[in-house]
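In case you want the letters, here they are:
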Amino acid sequence: MTDAQETAADSSLRTTGGAPPDDVETAPTPLLEPRDGIPAVIADEESLAATVAAFAAGTGPVAVDAERASGYRYGQRAYLVQLRREGAGTALVDPVACPDLSALGEALGDTEWVLHAATQDLPCLREIGMVPSRIFDTELAGRLAGFPRVGLGAMVESVLGYVLEKGHSAVDWSTRPLPEPWLRYAALDVELLVDLRDALEKELDRQGKLEWAREEFDAIASAPPAPPRKDPWRRTSGMHKVRRRRQMAVVRELWTARDKVAQRRDVSPGKVLSDGAIVEAALALPPNVHALAGLTGFGHRMGRRQLEQWQAAVDRAKALADSELPQPGQTVSGPPPPRSWADRDPAAAARLSAARAAVSSVAERLGMPQENLITPDTVRRVCWEPPAQVDQESVAAALAAHGARAWQITQVAPVLVTALA
């Protein structure tokens, strides 16, 4: 970034908004172009080895991004990995042709990785052997710094003054070969990521939040993989309409059958059978294939064999003994839904109301979203089961036990002591 761009970036970070004066001419925001052109996609071991060597020899942080095929393919695997580092340029790696990128991950192991919305990309990067030890998340940095819009395009434009090309974020990245416009879009995603990181680091430091951000980044980098979700079928869209246990069993059987088909065919489950169709079948409990074919989502385009497959799932659920049917509510740990607190524990409801107001006030003063100051779940848990002796030390210990970072405890523990009292 040139001195002029750096000055402009610093200025834009400090701007409070509003239109420029009428007598000031504003230049159009330039559309960003790849500085080194569009690199060839790395899809063989020889090219990958050369890339590993180049990035190991580079300097400074490395910008990393990954493209998935959500809505098209089963799972959340990476179908393209983009990297950029000073001295190495930009690389586009095909993890389908090169499924083991552990050598690349090891070459960059001690380097700070710059990602945007890191929690979205780290799981699929971990699957191919790329695990960072240090990160800088530009989206989270934007949230902590108080930016109203934290999408990559919005951040690059407001902070660095460039417009990123739009339009390819939701395409099917499993397509081969990848069209050149898509590759250009992918290369641009890492083009200015390190420049954005540097500008945001300055702004966080100016606001006195840089150490807070580092605590957050360290927590993300050191977090273990998320455990498998229990009873994922319960998250079927429209599930709130299904109230009887037998109907819930139909949802479970259809969801499980759909998941097996989707995994075998490597397509998104929604392309096999929609959530709406699953709920329709659960509510109707169709007695046969003919009745099933008359339901929304099981129309004339569906073949007889497919209909028989789904009807078999419905019949399995209908044949279950009562003892085998799922329970109405998912077993959860922690406090009940807040809407029931007033009836179940009025004192806890009062604590939660006071705590929410206090946290909101602190978040507003610090200029950041409440959920980044402290998670709502943490607040609920502490309010539902507060320490026996409410004081600064006990509340701080309770927050830490629920995963709050040191900076969060420093900011919210004092106001929670008052709220809990």
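As a starting point, this report considers the structure included with it. The shown structure was predicted, so the numbers you read here are calculated from the model rather than taken from an experiment.

**Some remarks on the overall build of the protein**
Here is step 1 of the chain: Counting its regular elements, the protein contains 20 helices and six strands.
Here is step 2 of the chain: For the C-alpha atoms alone, the extent of the protein along its principal axes is close to 75 × 60 × 50 Å.
Here is step 3 of the chain: Counting all 421 residues of the protein, 45% fall into the buried class.
Here is step 4 of the chain: Contacts spanning at least 24 positions in sequence make up 67% of the contacts within the protein whose residues lie at least 6 apart.
Here is step 5 of the chain: For the protein, the computed accessible surface area is about 21400 Å², with 50% contributed by carbon and sulfur atoms.
Here is step 6 of the chain: For the protein, the centre of its 47 positive side-chain charges and the centre of its 56 negative side-chain charges are spaced 12 Å apart.

**Let's talk about the pattern of salt bridges**
Here is step 1 of the chain: A full pass over the atoms with the stated rule returns 18 salt bridges.
Here is step 2 of the chain: Between E112 and R197 there is a salt bridge; the shortest N-O distance is 2.6 Å. Placement of the pair is E112 in strand β5 (residues 112-115) and R197 in helix α8 (residues 193-206), with a sequence separation of 85 residues. Accessibility classification places E112 together with R197 in one group, the buried group.
Here is step 3 of the chain: R258 is the salt-bridge partner of D275, the closest N and O atoms lying 2.8 Å from each other. Taken as a pair, D275 in helix α12 (residues 275-284) and R258 in helix α10 (residues 245-265) lie far apart in primary sequence, 17 residues in all.
Here is step 4 of the chain: Each of the salt bridges in this network shares a partner with another, and the network as a whole consists of E112, R197, D198, E201, E211 and R214.

**Thoughts on the packing of aromatic side chains**
Here is step 1 of the chain: Summed over the entire model, instances satisfying the criterion amount to five aromatic pairs.
Here is step 2 of the chain: Among the aromatic residues, those joined into a cluster by ring pairs are W173, W182 and Y185.
Here is step 3 of the chain: A cation sits over an aromatic face here: R77 above Y79, 4.9 Å from the ring centre.

**Remarks on the nonpolar core**
Here is a general trend for soluble globular proteins: nonpolar side chains tend to be buried in one another's company.
Here is step 1 of the chain: L83, L125 and L399 are the most contacted members of the largest nonpolar core, which has 83 residues in total.
Here is step 2 of the chain: Top element by residues in this core is helix α20 (residues 406-420). It accounts for eight residues.
Here is step 3 of the chain: Here L83 is in contact with F55, V62, A63, V64, G89, T90, A91, V93, L104, L108, M130 and V190, once residues within four sequence places are set aside.
Here is step 4 of the chain: In this structure, W255, V261, A262 and L273 belong to the second largest nonpolar core, which totals 33 residues.

**Description of the pairing of strand β2 (residues 59-68)**
Here is step 1 of the chain: In terms of residue burial, β2 counts as a mostly covered element, since seven of its 10 residues are buried.
Here is step 2 of the chain: The sheet contact formed by β2 and strand β3 (residues 78-86) spans eight bridges and is antiparallel. Each residue of the ladder has a partner; that of D65, found in β3, is Q82.
Here is step 3 of the chain: Here β2 pairs with β5 via two bridges, running parallel. When the sheet's bridge partners are listed, A63 is paired in β5 with V114.

**What about the packing of α10 against α12?**
Here is step 1 of the chain: In the contact formed by α10 and α12, the axes pass within 8 Å of each other and the chain directions differ by 145°. Considering only the axes of α10 and α12, their crossing is right-handed. Contact residues: α10 offers Q247, V250, V251, L254, W255 and R258, while α12 offers D275, I278, A281, A282 and L283.
Here is step 2 of the chain: Residues of the contact of α10 with α12, tallied by class, amount to eight nonpolar, one polar and two charged.

**What to know about the sheet that holds strand β1 (residues 41-42)**
Here is step 1 of the chain: Read from one edge of the open sheet, six strands run β1-β4-β3-β2-β5-β6, paired in mixed fashion. The sheet terminates laterally at β1 and β6 (134-137), the two strands that pair on one side only.
Here is step 2 of the chain: Taken together, the five bridges between β3 and strand β4 (residues 89-93) define a ladder with antiparallel strand orientation. Within β4, the position partnered with R85 by the bridge is G89.

**Digging into a negative patch on the surface**
Here is step 1 of the chain: A surface patch of like charges, here negative, comprises D44, E45, E46, D100 and E106.
Here is step 2 of the chain: Locating E45 in the fold gives a position in helix α2 (residues 45-57).
Here is step 3 of the chain: Residue class for E45 comes out exposed when judged on its relative accessible area of 51%.

Here is what the cut-offs are and how they apply
Residues numbered from 1 in each chain as written. Predicted model: local features only at pLDDT ≥ 70, side-chain atom pairs only at ≥ 80, totals over all residues. Heavy atoms only, no water. Helix = DSSP H or I, 4+ residues; strand = E, 2+ residues; numbered from the N terminus. Buried < 20%, exposed > 50% of the residue type's maximum accessible area, 1.4 Å probe, protein only. Contact = heavy atoms within 4.5 Å. Areas by Shrake-Rupley, 256 points an atom, 1.4 Å probe, with all protein chains shown as cover. Lys, Arg positive; Asp, Glu negative; His and termini not counted. Charge placed at Lys NZ, Arg CZ, Asp CG, Glu CD. Salt bridge = Lys/Arg side-chain N within 4 Å of Asp/Glu carboxyl O. Phe/Tyr/Trp six-rings, centres within 6.5 Å; stacked < 30°, edge-to-face > 60°. Lys NZ or Arg CZ within 6 Å of the ring centre and 35° of its normal. Core = buried A, V, L, I, M, F, W, Y, C linked by side-chain atoms within 4.5 Å. Pairing = 2+ DSSP bridges. Axes fitted to C-alpha atoms, helices over the stretch in contact; angles between N-to-C directions. Left-handed = near helix turned anticlockwise from the far one by under 90°. Nonpolar A, V, L, I, M, F, W, Y, C, P; charged D, E, K, R; others polar. Patch = residues over 30% accessible without salt bridge, like charges linked within 9 Å, V, L, I, M, F, W, Y side chains within 5 Å.

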